[in-house]
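Here is how the chains run, residue by residue.
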Amino acid sequence: MNAPEAEVENLKQQGNAYVREKKYQKAMLHYSHAIKLDPKNYSLYSNRSFTFLMMERYRDALNDALMTIQLKPDWSKGYFRKGEVELKLSSYNEALESYNKALVLQPNEPKIIEAMNKASRSLIKDRRADQQIPWLGAGVGIILGVTVVIADYVFTNKPTLTHPLLMALLTISIAMIGFGIAKGLRYFLKHQRKNLLSPPFRNYPTDKRDTECEIENERVGQRDDHDARRRAQAARGTGLRAEGSTGPRITFTGRPRRSQRAMEQPKTPASRLFNTSCIENKDELEEKLERCHSTLQNLTTGLSEKEIHDTLNNAVCKDKTHEEVSLGLLVVILTDPQNAAKSYRDLTLITRDGLAIVLLHLNQLVLDKYLRLNDVTRSQLLWLLREMIRTSVTNVDNLCLSLLRHAAGGDISPRNLFLVDALLDIFQENRPWLDKFPFLVASIVYMYLRLIEDHNAPHLAGLRQKEVTFTVALIRERMADCLAIGRDLVRLLQNVARISEFEALWKDILLNPKNLCPNFNGVLQLLQTRTSRRFLQSRLTPEMERKLVFLTSNVRFGNHKRYQEWFQSKYLATPESQSLRCDLIRFIVGVIHPTNELLCSDIIPRWAVIGWLFTTCTSTVAASNAKLALFYDWLFFEPDKDNIMNIEPAILVMHNSMRSHPPVTATLLDFLCRIIPNFYPALTDKVRNGIFSSLRQILEKRVLPSLYPLFDSPKLDRELRSKIRETFQEFCLPPNIDPGNIIINV
């Protein structure tokens, strides 16, 4: 057994152990990691289907069961798993059909026969209920009708219902209403069962379209991703360019998900720009671009090149037509590679606003709909970016910033790697242009420092070396621009410090800072500068940011579990996504600052989301980095410069986790004690002062009335409590004791 097979088997056994302990969430994570390493292992999908079933995630359980059948059609357990899900959803006919297929493959299996008997009994009971419950409703209606008639006769001086026919009609009417209500209730309950297969995040706002499209988009994207991986494998050895454009990133396994409902839908005309599904309607922006393209075609069809040029120049004299022609040419550029160069030339000739209207729509397209763009459009978008930079179009740097956000961390899918590599090539080719934009330089350094950490696999060595060479050169030559990043620049440089080029850079930062920049006085200058929200925000894709903001501003405490599970399955289920926790925590700490009204509501607080993120870490390195990300603003905290909202989540995570998850609090307190002497020995006093300033600010702002219950909790072990008293002596006193009255024996 080779090393990857041994690792897969080890992850599988760990998952099996968690299943026996009924820790299905942890079992699911281990099976998911094993599937990432061995995506053709049908038994892993079967096991994960069972964990999803136990977690009541029926949609995922059914998908894994179908994947098991696809990989191993002659294995009974795949059909058995499918039947179990269908039985839970009360789809008894479908469950019996699945069990029957399993029994054909494994005759006389007691477990399958027992399940079939159970499904048969349930089906009979369900059909009987379909027949009886409406009549039961009618019976209740008759009783209610008779009661009304008797009440009218007994309790009124002048009864309304005097004629026997009226009494009978009223009783029959109420009985019919009861029959209809009962029948409708049965229909509603059956319809609700089907909804259990819907993803939980439907309430998330995505663009302006109905979020039901997300289910089909994911399915279409997964098929694209599957095809792209085959193309990438065929072209391996020709560089990352050969891996080409691929489908959107799918978090769990990239497997194709199919449903009978989707297959039955009639096909809709394909979009020029987007990957669309049969259940999606075009939104306002897409309709506008299609309309502008039609306008352009109407103006130019059948004309010679000279006539087209004259027609367009005459047409753009009107403001509305100028916009329509400009956007029509943009659509041609993005969808027709053969005519892109000619259309871009026409666009630059007829523009009256320096391509401002084009850039406005391009930014909207990238920020809101980049994940839906098809392969041709994505490739042409990068071509257009090159041309705009080459011709020095004003504000094209903002388009670069928008695209940088889609170079996601914790994602090594071919499509993401293609974008990362393509942007790197563009910036290398246009260094003189890049040097004119200090914030863009700093953002590029911040992004690639973060991504280098993810690209440590052997097959990514070429890309990683290219990133390292470019980033180190950019820092050395443009250190003055990089100083704007602040303390998170040091954090990211620490993560890559063992790479030889960065080792040499670190020596200059520590020993010869002036050689890098005359205004650079050393690492302390960076550590005392709070990182801007814009940098922290840039490491989350726009879609991920929308989901996280929704989670922390709209989801009520107690209803949050299904949203967290959805988020984890979408973004945090792959081994390489472990590093993404730091980006999420830094974003929550530094960007999401809720209002007082929100803090006083029952919306899930920031500390709860961060605590949940800690529980999803399965890597010790990722867990350590996540702790540092949480406490990072504590280390050099200055009340006059820094924000209390940046340090509040950490203390609340420790305080609130003490009740239900004491180990989380213990590990964070232990980390806080150890970070003081170990972060940077030469600055131990500065780190201690920063942490002490943070704790004093927490008490002054009444985030907690006292730290004594936290630091001296009996739930902490004796050794840790002793270490805390030694490190934070002034904060370990009961609230009614004055520190000035304490006599210290020497």
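All values reported here derive from a predicted model rather than from experimental measurement.

1. Some points on the overall build of the protein chain
Assigned secondary structure in the protein chain consists of 38 helices and zero strands. Of the contacts formed within the protein chain by residues at least 6 apart in sequence, a portion of 71% connects residues at least 24 apart. With the model as given, the accessible surface of the protein chain reaches about 35,600 Å², and the carbon-plus-sulfur share is 54%.

2. What to know about the packing of aromatic side chains
Applying the stated criterion across every chain, the model contains 21 aromatic pairs. Ring geometry for Y344 and W383: centres 6.4 Å apart, planes at 85 degrees, overall edge-to-face. Separated by 39 residues along the polypeptide, Y344 in helix α14 (residues 340–350) and W383 in helix α16 (residues 375–390) bring together distant segments of the chain. For Y344, a relative accessible area of 4% gives the class buried. With a centroid separation of 6.2 Å and an interplanar angle of 70 degrees, the aromatic rings of Y632 and F679 are classed as edge-to-face. With Y632 in the loop between α33 (620–631) and α34 (644–660) and F679 in the loop between α35 (662–678) and α36 (684–700), the pair connects residues that are 47 residues apart, well separated along the chain. Taken individually, Y632 and F679 each receive the classification buried, so the pair is uniform in this respect. Here the aromatic cluster, defined as three or more aromatic residues joined through ring pairs, consists of W566, F567, Y571 and W612.

3. What about the state of the cysteines?
What the rule picks out here adds up to zero disulfides. Of all cysteine sulfurs, the one in C582 lies closest to C617, which takes part in no disulfide; the gap is 7.6 Å.

4. Some points on the side chain of N646
Here N646 lies in helix α34. Of the polar contacts made by the side chain of N646, one reaches the side chain of H593; its length is 3.1 Å. Side chain to side chain, N646 and D633 meet in a polar contact 3.3 Å long. The residues touching N646, leaving out its near neighbours within four places in the chain, are R530, V589, G590, H593 and D633.

5. Let's talk about the nonpolar core
With 172 residues, the main nonpolar core has M388, F502, W634 and F728 as its most contacted residues. With 11 residues, helix α20 (residues 438–452) is the single largest residue contributor to this core. Both of domain 3 (395–539) and domain 4 (549–731) provide at least three residues apiece to this core. When residues no more than four places from it in sequence are discounted, the contact partners of F502 are L449, I452, V468, T471, V472, I475, L493, V496 and A497. The next biggest cluster of nonpolar side chains, apart from the first, holds 21 residues, and it includes V8, V19, Y24 and Y45.

6. Looking at the packing of helix α28 (residues 542–554) against helix α29 (residues 561–571)
A packed helix pair is summarised by two numbers, namely the angle formed by the two axes and the spacing between the axes. The N-to-C vectors of α28 and α29 enclose an angle of 165 degrees; their axes lie 11 Å apart at closest approach. As far as their axial angle goes, α29 and α28 are roughly antiparallel. α28 and α29 meet at a crossing whose hand is left-handed. Along the contact surface, α28 presents E543, M544, K547, L548, F550 and L551, while α29 presents Y563, Q564, W566, F567, K570 and Y571. Among the residues forming the contact of α28 with α29, the class breakdown is eight nonpolar, one polar and three charged.

7. With respect to the side chain of D454
Tracing the backbone shows D454 in the loop between α20 and α21 (461–477). Those residues in contact with D454 that sit more than four places away from it in its chain are G409, G410, D411, I412, E576 and S579.

8. Remarks on the pattern of salt bridges
Overall, the coordinates contain 43 salt bridges when judged by the stated rule. Notably, a salt bridge pairs R405 with E545, separated by 2.6 Å at the nearest N-O pair. A residue pair is termed long-range when its members are at least 10 positions apart, and R405 in the loop between α17 (396–404) and α18 (414–429) and E545 in helix α28 qualify at 140 residues. The same class applies to R405 and to E545, which are both buried. When the shortest N-O distance is used, the salt bridge between D670 and R674 registers 2.8 Å. Within this pair, D670 and its partner R674 are both found in helix α35, separated by four residues, close to a single helical turn. Owing to a relative accessible area of 45%, R674 belongs among the partly exposed residues under this scheme.

9. With respect to the UniProt feature "transmembrane region" (unreviewed entry) in the protein chain
As recorded in UniProt, the sites labelled "transmembrane region" (unreviewed entry) are residues 133–155 and 161–185. From the first C-alpha to the last, residues 133–155 spans 32 Å; its make-up is 96% helix and 0% strand.

10. Focus: a nonpolar patch on the surface
A surface patch of nonpolar side chains, about 650 Å² in accessible area, is lined by I142, V146, I150, Y153, V154 and F155. Within the secondary structure layout, I150 lies in helix α7 (residues 110–154).

11. Details of helix α24 (residues 500–511)
An ideal rise of 1.5 Å per residue puts 16 Å on 12 residues; α24 measures up with 17 Å between its terminal C-alpha atoms. Among the residues making up α24, those that are buried are F502, L505, W506, D508 and I509. In a view along the axis of α24, the buried residues occupy a sector of 165 degrees, so they form one face of it. Pointing more than 90 degrees away from the buried face of α24 are the exposed residues S500, K507 and L511. Of the surrounding elements, those touching the buried residues of α24 are α20, α21, α23 (487–495), α25 (513–516) and α26 (523–527).

12. Focus: helix α12 (residues 305–315)
Those residues of α12 that sit buried are I308, L312 and A315. Relative to the axis of α12, the buried residues are bounded by an arc of 65 degrees and lie together on one face. Of the exposed residues in α12, those oriented more than 90 degrees away from the buried face are K306 and N314.

13. Focus on the confidence of the model for the protein chain
Overall, the prediction assigns the protein chain a mean pLDDT of 84, with 86% of residues at 70 or greater. In the predicted structure, residues 200–223 sits below a pLDDT of 50 and forms 69 contacts with residues beyond four places in sequence or in another chain. For residues 742–746, every residue scores under 50 in pLDDT, and the model assigns this stretch three contacts once sequence neighbours within four places are set aside.

Cut-offs used in this document
Residues numbered from 1 in each chain as written. Predicted model: local features only at pLDDT ≥ 70, side-chain atom pairs only at ≥ 80, totals over all residues. Heavy atoms only, no water. Helix = DSSP H or I, 4+ residues; strand = E, 2+ residues; numbered from the N terminus. Contact = heavy atoms within 4.5 Å. Areas by Shrake-Rupley, 256 points an atom, 1.4 Å probe, with all protein chains shown as cover. Phe/Tyr/Trp six-rings, centres within 6.5 Å; stacked < 30°, edge-to-face > 60°. Buried < 20%, exposed > 50% of the residue type's maximum accessible area, 1.4 Å probe, protein only. Disulfide = S-S within 2.5 Å. Polar contact = N/O pair within 3.5 Å; in protein donor to acceptor, adjacent residues only side chain to side chain. Core = buried A, V, L, I, M, F, W, Y, C linked by side-chain atoms within 4.5 Å. Domains from an automatic or database assignment. Axes fitted to C-alpha atoms, helices over the stretch in contact; angles between N-to-C directions. Parallel < 35°, antiparallel > 145°, perpendicular 65-115°, else oblique. Left-handed = near helix turned anticlockwise from the far one by under 90°. Nonpolar A, V, L, I, M, F, W, Y, C, P; charged D, E, K, R; others polar. Salt bridge = Lys/Arg side-chain N within 4 Å of Asp/Glu carboxyl O. UniProt positions renumbered as here; feature names shortened; annotations may be inferred. Patch = residues over 30% accessible without salt bridge, like charges linked within 9 Å, V, L, I, M, F, W, Y side chains within 5 Å. Expected span 1.5 Å × (residues − 1). Arc of directions from axis to C-beta. pLDDT = per-residue confidence, 0-100.

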